[in-house]
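# Structural characterization, general
So the chains spell out like this:
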Amino acid sequence: MGRHEERHEEFREFAATRGARLFRTALLLTGGDWHAAEDLVQTALGKAYASWSKVRRADNRDAYVRSVLVRTHLTQRRLKSSGERPASELPEGAYGDGDPALRVALLQALAQLPPRDRAVLVLRYWEDRSVEQTAAELGLRAGTVRNRSMSALAKLRDLLDGDRESLTTI
């Protein structure tokens, strides 16, 4: 097997083992839009494949590709070149196990946050990244991540306030 085939196979293995996790992150970043999340993962993996020789030398390939995913999402949101909009209702069975009412409420609230605030919350609390890791992936300062986290969580609490009692008694 030649070097090109080895790199190709290495990327295929990476994409196969990390694709589902990248999709979950993309789904949260897109506010629950299944198709936009699929497109986002496809675009991020395409970019990673195009520069695989650089990605494979990274200390943390997962963080590198996740950073590509988040930055691609933020760039797409800024450009707003697409006429696609998130659906008002989420497809049934799209999120697996867990309380569907809680997931729907959380996804709807996340969708109402600005993209950068959503990205900070997803990386910090869903992906369980440190402030420093989140800052590095988003190209921000650690203090900015802390401030955005606090303000985004406050917005999220306000958005969920009407559902808080029903969500906590389930």
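Note that the coordinates shown come from a computational prediction; the quantities given were computed from them, not determined experimentally. All residue numbers refer to positions counted from 1 along the written sequence of the respective chain. Per-residue local features are limited, in this predicted model, to residues with pLDDT of at least 70; the limit for side-chain atom pairs, both in listing and counting, is 80 or more; totals at the level of whole chains, interfaces and linings are taken over all residues. Hydrogens and waters are ignored; side-chain quantities use all the structure's heavy atoms.

## Observations regarding helix H2 (residues 34–50)
Strands here mean DSSP runs of E at least two residues long; helices mean DSSP runs of H or I at least four residues long; both are numbered from the N terminus. Multiplying one less than the number of residues by 1.5 Å gives the expected span of a helix. For H2, built from 17 residues, the straight-helix expectation of 24 Å at 1.5 Å per residue is met to within 8% by its first-to-last C-alpha distance of 24 Å. Of the positions making up H2, those classed as buried are Ala 36, Ala 37, Leu 40, Val 41, Ala 44, Leu 45 and Ala 48. Viewed along the axis of H2, the buried residues span an arc of 165°, placing them on a single side of the element. In H2, those exposed residues whose orientation departs by more than 90 degrees from the buried face are His 35, Gln 42 and Ala 50. A side-chain oxygen of the first residue of H2 lies 3.2 Å from the backbone nitrogen of His 35; this N-cap is Asp 33. Remark: exposure states derive from per-residue accessible area (1.4 Å probe, protein chains only) relative to the maximum for the residue type, with buried under 20%, exposed over 50%, and partly exposed in between. Directions from the helix axis toward the C-beta atoms define the arc. In the analysis that follows, any N or O atom pair within 3.5 Å is treated as a polar contact, provided that within protein one partner can donate a hydrogen and the other can accept it, and provided that, for residues neighboring in sequence, both atoms belong to side chains.

## Considerations on the environment of Arg 24
The residue Arg 24 is located in helix H1 (residues 3–29) in this model. Its relative accessible area of 40% is what places Arg 24 among the partly exposed residues. Along the sequence, Arg 24 and Val 41 sit 17 residues apart, while their C-alpha atoms lie 9.5 Å from each other.

## A look at the confidence of the model for the protein
Summing up the model confidence of the protein, the mean pLDDT is 83 and the portion of residues at 70 or higher is 83%. Mean pLDDT per element in the protein: helix H9 (residues 164–168) is the minimum at 54, and H2 is the maximum at 92. For every residue, the predictor reports its confidence as pLDDT, a number between 0 and 100.

## Considering the side chain of Thr 72
Relative to the elements of secondary structure, Thr 72 occurs in helix H4 (residues 61–79). In what follows, residue pairs with any heavy atoms lying within 4.5 Å of each other are defined as contacts. The residues contacting Thr 72, other than those within four sequence positions of it, are Leu 40, Thr 43 and Lys 47.

## Quick notes on the nonpolar core
To form a nonpolar core, buried Ala, Val, Leu, Ile, Met, Phe, Trp, Tyr and Cys residues must be joined to one another through side-chain atoms within 4.5 Å. Counting residues in each nonpolar core, the largest one holds 39 residues, and the members touching the most others are Leu 45 and Leu 69. Among the elements of the structure, H1, H2, helix H3 (52–55), H4, helix H5 (100–111), helix H6 (115–126), helix H7 (131–138) and helix H8 (142–160) are those that each provide at least two residues to this core. The greatest single-element share of this core, amounting to nine residues, is contributed by H1. Once residues lying within four places of it in the same chain are set aside, the contact partners of Leu 69 are Leu 22, Thr 25, Ala 26, Leu 29, Leu 40, Val 41 and Ala 44.

## Some thoughts on the packing of H6 against H8
Convention adopted: a line fitted to C-alpha atoms gives each axis, helices being fitted over their contacting stretch, and angles between N-to-C directions are expressed from 0 to 180 degrees. Contact pair H6 / H8: the axes reach a minimum separation of 9 Å and the direction vectors enclose 100°. In terms of their interaxial angle, H6 and H8 are classed as roughly perpendicular. Judged by residue contacts, Arg 116, Asp 117, Val 120, Leu 121, Arg 124 and Tyr 125 of H6 engage Val 145, Arg 148, Ser 149, Ala 152, Leu 153, Lys 155 and Leu 156 from H8. When its residues are assigned to classes, the contact of H6 with H8 shows seven nonpolar, one polar and five charged. Note that the term roughly parallel is reserved for angles under 35 degrees, roughly antiparallel for angles over 145, roughly perpendicular for angles of 65 to 115, and oblique for everything else. Only Asp, Glu, Lys and Arg are considered charged, only Ala, Val, Leu, Ile, Met, Phe, Trp, Tyr, Cys and Pro nonpolar, and every remaining residue, Gly among them, polar.

## Some points on the packing of H1 against H2
Following both chains from N to C, one finds H1 and H2 inclined at 150°, their axes separated by 9 Å at the closest point. Taken as axis vectors, H1 and H2 run roughly antiparallel relative to one another. Crossing of H1 over H2 shows right-handed handedness. Between H1, through His 4, His 8, Phe 11, Phe 14, Ala 15, Leu 22, Phe 23, Ala 26, Leu 27 and Leu 29, and H2, the contact on the second element is made entirely by Trp 34, Ala 37, Glu 38, Leu 40, Val 41, Leu 45, Ala 48 and Tyr 49. Partitioned by chemical class, the residues of the contact of H1 with H2 number 15 nonpolar, two polar and one charged. We call a crossing left-handed when the near helix sits turned anticlockwise from the far one by less than a right angle, and right-handed when that turn is clockwise.

## Description of the packing of aromatic side chains
Two rings from Phe, Tyr or Trp (for Trp, the six-membered ring) form a pair when their centres are within 6.5 Å of each other. A pair whose planes differ by under 30 degrees is stacked, one over 60 is edge-to-face, and the rest are tilted. Enumeration according to the criterion identifies four aromatic pairs in this entry. Over the face of the ring belonging to Tyr 125 we find Arg 124, whose NZ or CZ atom lies 5.2 Å from the ring centre. Note on criteria: charge over ring means Lys NZ or Arg CZ within 6 Å of the ring centre, with the direction from the centre no more than 35 degrees off the ring normal.

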